[in-house]
Amino acid sequence: DTVPLRGRTTPGFLDSGMEELATDKEAEESHRQDSVNLLTFILLLTLTILTIWLFKHRRVRFLHETGLAMIYGLLVGVILRYGIPATSYHHKTPPSCVLTEGPSSTLLLNVSGKLFEYTLKGEINSREINNVEQNDMLRKVTFDPEVFFNILLPPIIFHAGYSLKKRHFFRNLGSIITYAFLGTAISCFVIGNLMYGVVKLMQMVGQLSEKFYYTDCLFFGAILSATDPVTVLAIFTELHVDVDLYALLFGESVMNDAVAIVLSSSIMAYQPSGANTHMFDAAAFFKSVGVFLGIFSGSFAMGAVTGVVTFTKLHCFPLLETALFFLMSWSTFLLAEACGFTGVVAVLFCGITQAHYTYNNLSEESTKRTKQLFEVLHFLAENFIFSYMGLALFTFQNHVFSPIFIAGAFIAIFIGRACNIYPLTFMLNLGRRHKITGNFQHMMMFSGLRGAMAFALAIRDTATYARQMMFTTTLLIVFFTVWVFGGGTTPMLSRLHIRVGVDPDQDLQQSAEGRSKTRQESAWLFRLWYSFDHNYLKPILTHSGPPLTTTLPPCCGPLARCLTSPQAYQQLRSNDSDVILTDGDLSLSYGDTAVTALNGASGGGASGVGGGGASSWSTNGKRSGSTSEEALERELDSREQELLSHGTRLVFPIEDPI
């Protein structure tokens, strides 16, 4: 054998060293490119925030922050698409092979004794093979759709539930549920059937090159049934529009996002037996209905249970308490997805449950931190998604523009929205004491914007020709509704003579009239639930509410003492007790209860943050005559009379006590 001379390198070793050097250089270049991509989005958000500040300073309302984010995304997309030179890596004709089965998601190749793993990116049109990597940045700024579902959507949906204004929401609970469930289903099937007619028209005129099934049309209807009037609601908040109109729109948008995503999952689960896999089949239809009910109820139960069991007894360490609360909230979404349910529904009801129960158990500093944390995350995630929408119009490489399909979709969403709002409102007004007026109906019709949820559902699957056409059309619909309808909100409010500048609590600050109105307009189901929740659930799950020793029968005394939180009794004597000042006496209030401290007369309690109102208790621990409906009224209208100061709440009554 020949031994190589010292100081000399064999050709094989030299080639291997050159390969490693090239690999390291490529990895470094890829890292630099990723940093540039993230910096691009950070600059987009920064520019959006600065422009929002300018618009708020100048009181400009014709364009919302989400519309601004989309415009900036469009501008950056144009620069990336046409302003950066191409860097194609395809210099040779790709090798050909024949597969007996469909392509695998991963591919292992043995090249000169070395194994290389390749990941499937998707099918490529043969006419565009030279433009596959015309720009490396275009390929890298296209995010994995799972990023939207697992990272960006949870804080948006959770914030909607966590910041829910319960009083106005529950006053209109029946109407909101009707619009969200029945209305979303009506809109889905109206849009789906109209689009199926459009597809048939496209086939007749030769504008459809590939298959487009009826189930695809229904899936498209479910996508476009998810309304997101974030622009309208922001203007409503700024102008202080009528609280009932705000509650109806906000409640519908929150609930129908959850319904739309479950509905789309049920449509995807529709699989008729036999050869006609896309024809109507009764068994498959009822199976899809069962899937819808199972997924929604399971997701609801999981979100509610995880919200209830989120106990954070770390009052001495607010940072740890806030971090644990945040992680447990986010894990609800991932747990639901991992179990086959829908994370959007789970995290929505988790937020509502935590706002009602867990919020009362947090320290004062943690309550502020959690609200601010989720508000910031919601703001950044929402604007990031809208910026990416503008970017995706130019960076997404599989757009399918069909003028007939796009025009048909615009007509279909208006008809579907009209079939949702007007007939259901007519039915609801038959049983409502406070009618939904015609101008409210027109404003709700006008406010059916599409946004982040529709985009996230559309981008989740763009593998087929039909899904690519849906994604392109959804993107254009979001642009049009946000810019045109969002910008026209203020003129439409003026044209419809909808009152603005309304104090959210104006209709309930007159005590006698306000309490009567609350009792009448609160849904009977809610009143029944509130009585059970106030007397039994809150004392068990929080430190507020009457002790169970006073609500349960005397025979359940040992069980009541076991389930009642020790803080419930300690808080009566703690320094953080609520102080109620009246003309006649001074009493210490524990959450929903009041204990007389001076003259022995029981005082009416005022509710704590997120919690209930108001049975009165004397010093011997016995209840002194207050019904659960009166407690409901105090919870719904007492928050604005509170002044929080160093853990002590001073409650100043509006009227002199009688």
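Residues numbered from 1 in each chain as written. Predicted model: local features only at pLDDT ≥ 70, side-chain atom pairs only at ≥ 80, totals over all residues. Heavy atoms only, no water.

Right, let's get into empty space enclosed by the protein. By the definition in use, this model includes three cavities of 30 Å³ or more. Lining the largest cavity are Thr184, Ser187, Leu224, Ser225, Thr227, Glu252, Asn256, Arg417, Asn420 and Arg450. Looking at the lining of the largest cavity, the elements that each hand over two or more residues are helix 6 (173–204), helix 9 (243–268) and helix 14 (403–429). Partitioned by chemical class, the residues of the lining of the largest cavity number one nonpolar, six polar and three charged. (1 Å grid on protein atoms, 1.4 Å probe; cavity = no way out; pocket = protein on both sides within 12 Å on 5 of 7 lines; lining within 4 Å. Points joined across faces, edges and corners; volume = space filled by probe spheres on them. Helix = DSSP H or I, 4+ residues; strand = E, 2+ residues; numbered from the N terminus. Nonpolar A, V, L, I, M, F, W, Y, C, P; charged D, E, K, R; others polar.)

On to the pairing of strand 2 (residues 114–119). Judged by how many residues are buried, strand 2 sits mostly at the surface: zero of six residues are covered. Pairing of strand 1 (residues 106–111) with strand 2, which is carried by six bridges, proceeds in the antiparallel orientation. Counted as the bridge partner of leucine 107 is tyrosine 118 from strand 2. Here strand 1 folds back onto strand 2, and the loop between the two strands holds two residues, one of which, serine 112, carries a positive phi near 55 degrees. (Buried < 20%, exposed > 50% of the residue type's maximum accessible area, 1.4 Å probe, protein only. Pairing = 2+ DSSP bridges.)

Next up on the list: the pattern of salt bridges. Tallied over the entire structure, the rule returns seven salt bridges. Notably, a salt bridge pairs arginine 32 with glutamate 28, separated by 3.3 Å at the nearest N-O pair. Placement of both arginine 32 and glutamate 28 in helix 1 (residues 11–58) is noted, with a separation of four residues, approximately one turn of the helix. By relative accessible area, which is 40% here, arginine 32 ends up partly exposed. On the basis of relative accessible area, glutamate 28 is assigned to the partly exposed category, the value being 48%. Notably, a salt bridge pairs glutamate 337 with arginine 460, separated by 3.9 Å at the nearest N-O pair. Residue glutamate 337 is located in helix 11 (residues 318–338), and its partner arginine 460 is located in the loop between helix 16 (452–459) and helix 17 (465–487); the two are separated by 123 residues in the primary sequence. Given a relative accessible area of 33%, arginine 460 falls into the partly exposed group. (Salt bridge = Lys/Arg side-chain N within 4 Å of Asp/Glu carboxyl O.)

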